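# Fold and contact review
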Amino acid sequence: APAAFTWRARNPERNLVVGENAINFIPTAGPVYAANRDIGRRPGITEDYANLQKLTQMCNGLHSAGLGMVELHDVPVSFRHLRRQLMGHTLSDKAAWAYLLGRTICEDSLNMAKLVFDDDLTTGGPVTGGVVNVNSPLVYDKRMSGGLITMARAGQFVIVTPCVLAGAMSPVTLAAAAAQQNAEALAGIALTQLVRPGAPVVYGAFLTNVDMKSGAPSFGSPEGAVAIGIGAQMARRYNLPHRGSGGLTSSNITDAQAAVESAWTLWPTVLAHTHLVLHAAGWIESGLTFSYEKFIIDVENLAMMHQFLQGIEVSETTLALDS
């Protein structure tokens, strides 16, 4: 599998390098609800999804179009993915995602991508891809494995991501949970290469602990921060691009708890040199809700992170020796 690849966007100036020295920030994916001060907390609708795609397009600190930023409860499930895919291609010229929820949905996503890219979808690099989650412990269900096979066969990228909660879906110790995560990730990565040798694939990691009193996932914990570094080191061992997460929090609102926990996921993710940082903007309530206010705070933080990562110029001019 390649150590890096180029993810092509509708606008070639927005193409992304996945791997090497690049760090790419991606907005939150998967929430059921949308929330802000005006609407409160409600099931997501098409208007929310369109707004969030437009916001993502406007924010230079986010490097791809949105991926399932909120569910569309006003659209029937049978073609909900088509509506989201259409908005991803038309409301943004950044690199677009696919939904790897079985063979049929993947084939729909590929057919839509062919309308945007007038080539074989692999010339110069993949044009789309998505996340395959392992049903930890140790299970790939029919829809996930079908999506993985379909996308790998088409030469598009797959982010193989075990979702391991230590103490619930794995043994409670981080060493055991990390070993399980690695086995689950390598199984899916190997399958992509059996389907199509050389297909682009990303080593994904989503490992944290649970609160042993409530059973709820703990985001922004020191255990989760250590796990981020473990995942990145394992990806480097196998010479693969790495996917992690930033901006995660267990808080139900955009408050100080949300800020601290998000910092405790974003900083370790950047320090680990993660190539694709998902959930970097908008996540609250353990991923159940996309918050408009949290999105704005997060993208401001990402802008500062960008500036920090640029370093400084040292020259005769910037040293100001003549001043």
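Everything in this summary refers to the structure shown in the same document. Small disclaimer: the values here were computed from a predicted structure and weren't measured.

## Re the state of the cysteines
Overall, the coordinates contain 0 disulfides when judged by the stated rule. Distance from the sulfur of C106, which forms no disulfide, to the nearest cysteine sulfur (C163) is 17 Å. What makes C106 buried here is its relative accessible area of 0%.

## Some points on the environment of S218
Within the fold, S218 resides in strand β10 (residues 217-218). Along the primary structure S218 and S251 are separated by 33 residues, whereas in three dimensions their C-alpha atoms are 9.8 Å apart. Ignoring anything within four residues of it in the chain, the contact list for S218 reads T208, N209, V210, D211 and S250. For S218, the side chain forms a polar contact with the main-chain nitrogen of D211, separated by 3.4 Å.

## Points about helix α5 (residues 174-195)
Every α-helical turn comprises 3.6 residues, leaving residues that sit three or four positions apart pointing alike. Taking 1.5 Å per residue as the helical rise, α5 with its 22 residues ought to reach 32 Å, and the 32 Å between its terminal C-alpha atoms agrees with that figure. Among all positions of α5, only A177, A178, Q180, Q181, N182, E184, A185, G188, I189, T192 and Q193 are buried. For α5, the secondary structure elements touched by its buried residues are β6 (129-134), α4 (142-153), β7 (157-166), β8 (201-204), β9 (206-210) and α6 (222-237).

## Quick look at the pattern of salt bridges
This model, assessed by the stated rule, comprises 7 salt bridges. Linking R14 and D93 is a salt bridge whose minimum nitrogen-to-oxygen distance equals 3.2 Å. Residue R14 is located in the loop between β1 (5-7) and β2 (16-18), and its partner D93 is located in the loop between α2 (77-90) and α3 (103-116); the two are separated by 79 residues in the primary sequence. R14 gets classed as partly exposed once you look at its relative accessible area, which sits at 23%. Two residues, R42 and D48, come together in a salt bridge whose shortest N-O distance is 2.9 Å. Under the relative-accessibility criterion, R42 is labelled partly exposed at 23%. For D48, a relative accessible area of 1% gives the class buried. It is possible to trace a salt-bridge network through shared partners that takes in E71, R80 and R84.

## Some words on the side chain of S250
Tracing the backbone through its elements, the reader meets S250 in the loop between β11 (242-245) and α7 (256-271). Among the polar contacts listed, one links the side chain of S250 to the backbone nitrogen of F219, at a separation of 3.1 Å. The residues touching S250, leaving out its near neighbours within four places in the chain, are P217, S218, F219, Q257, E261, E285 and S286.

## Focus: the nonpolar core
Counting 42 residues, the largest nonpolar core has W7, F25, L62, W97 and L276 as its most contacted members. At the level of secondary structure, the elements contributing two or more residues to this core comprise β1, β2, α1 (46-58), β7, α7, β12 (276-278) and α8 (292-309). Counting residues per element, this core draws most heavily on α8, at 5 residues. In contact with L62, other than residues within four places in its own chain, are F25, I26, P27, T56, K94, A281, F295, V299 and L302. Membership of the second largest hydrophobic core comes to 21 residues, among which are A98, L110, A113 and A235.

Definitions and limits used
- Residues numbered from 1 in each chain as written.
- Predicted model: local features only at pLDDT ≥ 70, side-chain atom pairs only at ≥ 80, totals over all residues.
- Heavy atoms only, no water.
- Disulfide = S-S within 2.5 Å.
- Buried < 20%, exposed > 50% of the residue type's maximum accessible area, 1.4 Å probe, protein only.
- Helix = DSSP H or I, 4+ residues; strand = E, 2+ residues; numbered from the N terminus.
- Contact = heavy atoms within 4.5 Å.
- Polar contact = N/O pair within 3.5 Å; in protein donor to acceptor, adjacent residues only side chain to side chain.
- Expected span 1.5 Å × (residues − 1).
- Salt bridge = Lys/Arg side-chain N within 4 Å of Asp/Glu carboxyl O.
- Core = buried A, V, L, I, M, F, W, Y, C linked by side-chain atoms within 4.5 Å.

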